[in-house]
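# Close look at the chain arrangement
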Amino acid sequence: MKKTYLPLIIPAFAAIFALTFTRADRDYASLHQDYPFKETFSMPYYAHAFSFMGFRAAVSDFLWMDIVQYIGDPENAKTKYRDLYLKTENLIHLDPNFTFPYLSVSGIYMFELKDPARALGLIDRGIEKNPDYWVLQLYRAAYVYQMNFDASNKLSDLEKAALRIEKAVGLKGHPPMLERTLGSFYLKLAELSSPDRKKHWMGKAVRLWANMYEFPSEELNGKYAETHLRKYGLLKN
């Protein structure tokens with residue numbers, strides 16, 4: 001009689017899959033919340049299926065990579081990332097304790113798409129679900145200071161925002177886009193400040209660009225730094 005090992009193979013495969021892809025971080029486990037499936041209507045059927053099977057962390061990683069690829073496509077930039085918010089909604093409903101999407105996507109809405117209301121909305125939801133993750137609070141402070149500066153034109157607000165972003169850039173695992181944001185803050189401060197302070201802020205910008213050029217956290221950051229170093233005559237052809 002021919003034996004079949006299928007009943008043994010399937011559970012073994014599932015166990016290997018879970019051990020490989022499920023987060024083992026104790027902090028993540030302590031923050032883990034049940035996923036409200038009824039709140040998400042546009043998620044692919046396979047995402048629902050694997051989430052029900054217990055692979056929520058793996059599915060959230062998959063959805064995050066989809067967002068990263070979506071942001072990186074120049075064609076999507078032409079539409080001002082029309083589907084970005086929906087994709088992010090799906091991800092944070094699935095995994096409300098995955099903090100990276102709150103930070104990265106809110107930054108895009110704040111500084112690239114000029115939509116501070118949506119940026120703050122994402123950050124506030126992140127804080128609600130992860131009240132002890134102080135980096136979210138730091139981002140919120142930076143956004144509020146930026147909004148206050150836009151409304152009041154007070155240079156001190158912009159300076160405080162830059163200092164808070166500096167702290168975030170110093171954290172391991174920060175979104176690479178935040179470095180480009182900090183460079184933009186330095187240039188804005190140099191433009192608006194007195195001659196003495198202009199030298200101060202330009203010095204900070206140059207040091208930031210040099211570090212980004214020598215140690216790029218992503219390819220786009222290296223290109224950004226190279227462009228600015230060449231623009232100001234600090235890097236020759």
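Structure first, text after, so check above.
Residues numbered from 1 in each chain as written. Predicted model: local features only at pLDDT ≥ 70, side-chain atom pairs only at ≥ 80, totals over all residues. Heavy atoms only, no water.

In a soluble, globular protein the nonpolar side chains are often hidden away together inside. Ranked by internal contacts, the top residues of the largest apolar core, which has 54 residues, are Leu84, Tyr139, Tyr143 and Trp209. Not counting the four nearest positions on each side in its chain, Tyr143 is found in contact with Leu103, Ser106, Gly107, Met110, Phe111, Ala119, Leu120 and Ile123. (Core = buried A, V, L, I, M, F, W, Y, C linked by side-chain atoms within 4.5 Å. Buried < 20%, exposed > 50% of the residue type's maximum accessible area, 1.4 Å probe, protein only. Contact = heavy atoms within 4.5 Å.)

It is worth spelling out the packing of helix 6 (residues 84-94) against helix 7 (residues 99-112) at this point. At a minimum axis separation of 11 Å, helix 6 and helix 7 run at an interaxial angle of 165 degrees. Considered as vectors, helix 6 and helix 7 are oriented roughly antiparallel to each other. In this structure, helix 6 meets helix 7 at a crossing whose hand is left-handed. Residue-level contacts link Leu84, Tyr85, Thr88, Leu91 and Ile92 of helix 6 to Pro101, Tyr102, Val105, Ile108 and Tyr109 of helix 7. Across the contact of helix 6 with helix 7, the residue classes tally to 9 nonpolar, 1 polar and no charged. (Axes fitted to C-alpha atoms, helices over the stretch in contact; angles between N-to-C directions. Helix = DSSP H or I, 4+ residues; strand = E, 2+ residues; numbered from the N terminus. Parallel < 35°, antiparallel > 145°, perpendicular 65-115°, else oblique. Left-handed = near helix turned anticlockwise from the far one by under 90°. Nonpolar A, V, L, I, M, F, W, Y, C, P; charged D, E, K, R; others polar.)

Right, let's talk about the pattern of salt bridges for a bit. Under the definition given, this model contains 8 salt bridges. Among the ionic pairs, Arg140 bridges to Asp124, the shortest N-O distance being 2.5 Å. In this pair, Arg140 is assigned in helix 9 (residues 134-152) and Asp124 in helix 8 (residues 116-129), connecting sequence segments 16 residues apart. (Salt bridge = Lys/Arg side-chain N within 4 Å of Asp/Glu carboxyl O.)

Scanning all chains against the criterion turns up 9 aromatic pairs. Judged by centre distance (6.0 Å) and plane angle (80 degrees), the ring pair of Tyr85 and Tyr109 falls under edge-to-face. Of this pair, Tyr85 sits in helix 6 while Tyr109 sits in helix 7, and the two are 24 residues apart along the sequence. A relative accessible area of 4% places Tyr109 in the buried class. Within the aromatic cluster, the residues linked to one another by ring pairs are Phe111, Tyr139, Tyr143 and Phe185. For Arg118, the ring lying beneath its charged end belongs to Tyr85, and the centroid distance is 3.9 Å. (Phe/Tyr/Trp six-rings, centres within 6.5 Å; stacked < 30°, edge-to-face > 60°. Lys NZ or Arg CZ within 6 Å of the ring centre and 35° of its normal.)

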